[in-house]
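One letter stands for each residue in the lines below.
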There are 2 protein chains.
Amino acid sequence: MERDLVRWICSRLPANRRLIVGAGDDAAILRLTESSNVVATTDMLMDGVDFELRGHEPERVGRKALAVNLSDLAAMAATPIGALVSVALPRQGGEQLAKRLIEGMLPLVTDFDCPIAGGDTNSWDGPLVISITALGEVPPERRWLRSGARPGDAIVVTGKFGGSILGGHFDFTPRVRESLWLGENAEIRAAMDVSDGLSLDLSRICEASGCGAVIDLEKVPIAAAAEELARQEGGGFSALDHALGDGEDFELILAAPAEQAADLIARQPLNVPLTQIGQFIAESGLFSRGENGTLQPLKPRGYEHRLDS
Amino acid sequence: MERDLVRWICSRLPANRRLIVGAGDDAAILRLTESSNVVATTDMLMDGVDFELRGHEPERVGRKALAVNLSDLAAMAATPIGALVSVALPRQGGEQLAKRLIEGMLPLVTDFDCPIAGGDTNSWDGPLVISITALGEVPPERRWLRSGARPGDAIVVTGKFGGSILGGHFDFTPRVRESLWLGENAEIRAAMDVSDGLSLDLSRICEASGCGAVIDLEKVPIAAAAEELARQEGGGFSALDHALGDGEDFELILAAPAEQAADLIARQPLNVPLTQIGQFIAESGLFSRGENGTLQPLKPRGYEHRLDS
């Protein structure tokens, strides 16, 4: 949710013993029974805002709508258990559209063992709206929040960044398997998936954790799509700029103790590369370290959600 | 979801050990851990379809959006544990609108101990869309499904029916407390909340249970609003017609063994009236019994969801 609105809602809500993690993180954690917690996350995508049905196959739209929710579960190291799919369908061709959206989701349903458990189907005169809620399971002791990073922790990321607009924002693989492996085999103190931009989302971890961060610019893994985009544009933004500021990479930013991080980087236990791109520091703010070692303030860039009042 | 689409989706989904109750009932039941299940339900409401923002206070719209989900949890005798709220807000005045929607939900949050745990807030050029997912907890052995009614079971309902269009469809109280009491203290074999019309929703229990039902017409509890509506219309539909066919009563239809039902009716243990309005029978179809005892086929009436293809 938008940050100001989230703060306002949280200020209006009565305390509740079931609410372990509420609005403001990648997903909520709710106490189901004394010994089990459920993780829940939701995303709503609208035609003309998050995709253009005129230009994009419904199957890709459906896949993305489920994948962004699975990515939020990954940011909590939660095992997916099911999803609910609600749609507002345009009257013309609505049923066929719904089937194509679902067809796009089915490979993810199978790959991540995440059944579509229900939903709500509606017709109207407006554009397509698709709202998915994904549920997951985490052991009660596992809490991957945005707020757990400590000065000295390494900033570790999965995969590569930038240029998702060329296609990656539809076809990315949510890092569910990777986060589950890390949740079971490593100490991870904070985590977030990159939806709005590497530098902007990193600054949010810093804010939630009450610390700052230094990025080693030459360590940032740059996606081929970011190079391609910089080339297409012919100036203005470099591939590194795209890696730092483009949204919808859906890779993970992790805070890990330095030794733990060094071990992971050396072992590379996952099918995607793990890269240390810097470290968290006590001083607040975001900084870059260039090749000569000097620190410079770095302005977080990415997609800022705003509500017109 | 629309029935044909739900069937199609179910036919396309791989089997999944976590999916205890999937699409087609009031809510889904998913296995979270070996000893705990989570109940999940979702409803999407759109301006111009489910409400008219020009004519209705946003607080009432927000309240209803959460209440319909709590009613689905009640139909499963589930204890609410939390809700996720997603909105597509019109750009003009979106933040203020969001706050008023939430304000309308807060009394239900408190009354039913159901925290808003998160959500997704968006702006766009379209009308307001609000999609809520509610989560609940049920003991693993409790399964209030639509499919459990048996010939000879009594048809028991909470409250009164008809005329919700005069206001009840906004201001109804979801039968959460009543269903939890019944779940703990009575044997209930099937349940459903009335969203589309008493006779239509009863016919759906029959279909899911593979049986039929006889309604004693003179037993049907008629809401004052149904009388008022019949009076306003001056002919055409009687108050009983409204009770049988109007939607959005959000009362419960229950199937209970005959002796259990007789005991409940005699004791009236709830704050709302429990009424036996007939019984389930082996022969399929819906029938009415008039004052002279003769059976007549009764055409189910109510709100049929349709998708244009």
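About the cut-offs
- Along each chain, residue indices are assigned from 1 in the same order as the chain's sequence is written.
- Throughout, the order in which chains and ligands are written sets their labels, letters from A for the former and numbers from 1 for the latter.
- With the structure being a predicted model, the display of local features is reserved for residues of pLDDT at least 70 and the display and counting of side-chain atom pairs for 80 or more, all residues being used for whole-chain, interface and lining totals.
- Hydrogens are left out, water is left out, and the side-chain values use all remaining heavy atoms of the structure.
- Residue contacts are defined here by distance: any two heavy atoms, one from each residue, within 4.5 Å place the two residues in contact.
- Here's the idea: put two parts together, see how much 1.4 Å probe accessible area each one loses, and the total over both is what we call buried area.
- Each salt bridge in this description consists of a side-chain nitrogen of Lys or Arg and a carboxyl oxygen of Asp or Glu lying within 4 Å of one another.
- Side-chain atoms alone can form a polar contact between residues adjacent in sequence; in general such a contact is a pair of N or O atoms within 3.5 Å, and within protein one must be able to donate a hydrogen while the other accepts it.
- For the purposes of this entry, the term helix denotes a DSSP run of H or I that reaches at least four residues, the term strand denotes a run of E that reaches at least two, and both are numbered from the N terminus.
- Each residue gets one of three labels from its accessible area relative to the maximum for its type: buried under 20%, exposed over 50%, partly exposed in between, using a 1.4 Å probe on protein chains only.
- An arc is given here, and it is the one of the directions from the helix axis to the C-beta atoms.
- DSSP calls a pair of strands paired once it identifies at least 2 bridges connecting them.
- Scored from 0 to 100, pLDDT records how confident the predictor is in each individual residue.
- The rule is short: rings of Phe, Tyr and Trp, with Trp giving its six-membered ring, pair when the centres are within 6.5 Å, and they are stacked under 30 degrees, edge-to-face over 60, tilted in between.
- By definition here, charges over rings are those cases where NZ of Lys or CZ of Arg is within 6 Å of the ring centre and within 35 degrees of the ring normal.
- Angles run from 0 to 180 degrees between N-to-C directions of axes, and those axes are lines fitted to C-alpha atoms, restricted for helices to the stretch in contact.
- Here is the rule for angles: anything less than 35 degrees is roughly parallel, anything more than 145 is roughly antiparallel, 65 through 115 is roughly perpendicular, and the remaining ranges are oblique.
- By convention, the crossing between two helices is left-handed when the near helix turns anticlockwise from the far helix through less than a right angle, and right-handed when the turn is clockwise.
- Following the grouping adopted for this structure description, the nonpolar residues are Ala, Val, Leu, Ile, Met, Phe, Trp, Tyr, Cys and Pro, the charged ones are Asp, Glu, Lys and Arg, and the polar ones are all others, Gly among them.
- For this overlay, a least-squares fit was computed on C-alpha atoms, restricted to residues scoring pLDDT of at least 70 in both copies.

Caption draft 1: Main features of the interface of chain A and chain B. Contacts between the two partners involve 74 residues from chain A and, on the opposite side, 74 residues from chain B. Summed over both partners, the interface of chain A with chain B comes to about 6300 Å²; 68% of that surface belongs to carbon and sulfur atoms. Across the chain A-chain B interface, the total number found is 2 salt bridges. Note that B:Glu103 is salt-bridged to A:Arg12, the shortest N-O span being 2.7 Å. Our count for the contact surface shared by chain A and chain B stands at 11 residue pairs in polar contact (both at pLDDT 80 or more).

Caption draft 2: Representation of the side chain of B:Ser86 in the model. Residues and elements named next belong to chain B. Inspection of the secondary structure puts Ser 86 in strand S4 (residues 79-90). Take Ser 86: its relative accessible area is 1%, and that puts it in the buried class. Engagement of the side chain of Ser 86 in a polar contact is seen with the backbone nitrogen of Asp 120, the distance being 3.4 Å.

Caption draft 3: Region of the structure containing helix H9 (residues 258-267) of chain B. Residue and element names in this part refer to chain B. Restricting attention to buried positions, one finds in H9 the residues Gln 260, Ala 261 and Leu 264. All buried residues of H9 project into a common sector of 100 degrees when viewed along the axis, lining one side. H9 presents Glu 259 and Ala 266 as exposed residues on the side facing more than 90 degrees away from its buried surface. The elements touched by buried residues of H9 are strand S7 (154-158), helix H5 (176-185), strand S10 (252-256) and strand S11 (274-281). Phi turns positive, to about 45 degrees, at Gln 268, one or two residues after H9.

Caption draft 4: View of the pairing of strand S7 (residues 154-158) of chain A. Residues and elements named next belong to chain A. Most of S7 sits out of view: 5 of its 5 residues are buried. Side chains Ala 154, Val 156 and Thr 158 project from S7 onto one buried face, and the interleaved Ile 155 and Val 157 project onto a second face that is buried too. Bridge count between S7 and strand S10 (residues 252-256): 4 bridges; the pairing is antiparallel. By the bridge assignment, Val 157 is partnered in S10 with Ile 253. Of the strand pairs in this sheet, S7 and strand S11 (residues 274-281) are connected by 5 bridges, and their pairing is antiparallel. Bridge assignment links Ile 155 to a residue of S11, and that residue is Gly 278.

Caption draft 5: Looking closely at the confidence of the model for chain A. Residues of chain A with pLDDT of at least 70 account for 98%, and the chain-wide mean is 94. The complex prediction reports pTM at 0.96, with the ipTM value standing at 0.94.

Caption draft 6: A look at the packing of aromatic side chains. The final tally for this structure, using the stated rule, is 3 aromatic pairs over all chains. Arranged with centres 6.2 Å apart and planes meeting at 20 degrees, the rings of A:Trp124 and B:Trp124 form a pair that is stacked. Of this pair, A:Trp124 sits in strand S5 (residues 116-124) while B:Trp124 is found in strand S5 (residues 116-124), placing the two residues in two different chains. Each ring, one from A:Phe172 and one from A:Phe250, has its centre 4.2 Å from the other, and the planes form 20 degrees; the classification is stacked. Of this pair, A:Phe172 sits in the loop between helix H4 (168-171) and helix H5 (176-185) while A:Phe250 sits in the loop between helix H8 (239-245) and S10, and the two are 78 residues apart along the sequence. Positioned above the aromatic ring of B:Phe170, the side-chain terminus of B:Lys64 is 5.3 Å from the ring centre.

Caption draft 7: Broad picture of the packing of helix H2 (residues 58-74) of chain B against helix H3 (residues 94-111) of chain B. All names here are of chain B. Direction vectors running N to C along H2 and H3 enclose 45 degrees, while the axes themselves pass 7 Å from each other. In terms of their interaxial angle, H2 and H3 are classed as oblique. In the packing of H2 onto H3, the handedness of the crossing is right-handed. Counting all contacts with H2, which are made through Pro 58, Glu 59, Val 61, Gly 62, Arg 63, Leu 66, Ala 67 and Leu 70, the residues of H3 involved are Leu 97, Arg 100, Leu 101, Glu 103, Gly 104, Met 105, Leu 108 and Val 109. The residue inventory of the contact of H2 with H3, partitioned by class, reads 10 nonpolar, 2 polar and 4 charged.

Caption draft 8: Just unusual backbone geometry, in detail. Phi at A:Asp113 takes a positive value of approximately 55 degrees, unusual for a residue other than glycine. With respect to the helices and strands, the residue A:Asp113 is situated in the loop between helix H3 (94-111) and S5. A residue is classified by how much of its surface remains accessible, and A:Asp113, at 39% relative accessible area, is partly exposed. For B:Gln268, which is not a glycine, the phi torsion comes out positive at approximately 45 degrees. Following the sequence through the fold, B:Gln268 ends up in the loop between H9 and S11.

Caption draft 9: Summary view of the packing of H3(A) against helix H1 (residues 3-12) of chain B. The geometry of H3(A) relative to H1(B) is characterised by a closest axis approach of 11 Å and an angle of 20 degrees between their N-to-C directions. Accordingly, the angle class assigned to the pair H3(A) and H1(B) is roughly parallel. The handedness of the crossing between H3(A) and H1(B) comes out as right-handed. The residues of H1(B) that touch H3(A), namely those facing A:Glu95, A:Ala98, A:Lys99, A:Ile102, A:Glu103 and A:Leu106, are B:Leu5, B:Trp8, B:Ile9 and B:Arg12. Its residues assigned to classes, the contact of H3(A) with H1(B) comprises 6 nonpolar, no polar and 4 charged.

Caption draft 10: Inspection of the sheet that holds strand S2 (residues 28-33) of chain B at higher detail. Residues and elements named next belong to chain B. Judged by pairing direction, the sheet is mixed, and its 6 strands sit side by side in the order S1-S2-S3-S6-S4-S5 without closing on themselves. The two strands at the open ends of the sheet, each matched to only one other strand, are strand S1 (19-21) and S5. Strand after strand, the sheet turns through a mean of 25 degrees between neighbouring axes, direction not considered. Two elements, S4 and S5, share 8 bridges in a ladder whose sense is parallel. What sits directly across from Ala 83, in S5, is Ile 116. Contacting S4, S5 and strand S6 (129-138), H3 crosses the sheet at an angle of about 165 degrees to S4.

Caption draft 11: A look at the relation of the copies chain A and chain B. With an RMSD of 0.0 Å, the fit of chain A onto chain B corresponds to turning through 180 degrees and sliding 0.0 Å along the axis. Such a combination of turn and shift is consistent with a two-fold rotation axis. A high fraction, 100%, of the interface residues of chain A reappear at the interface in chain B, so the copies pair face to face through one surface.

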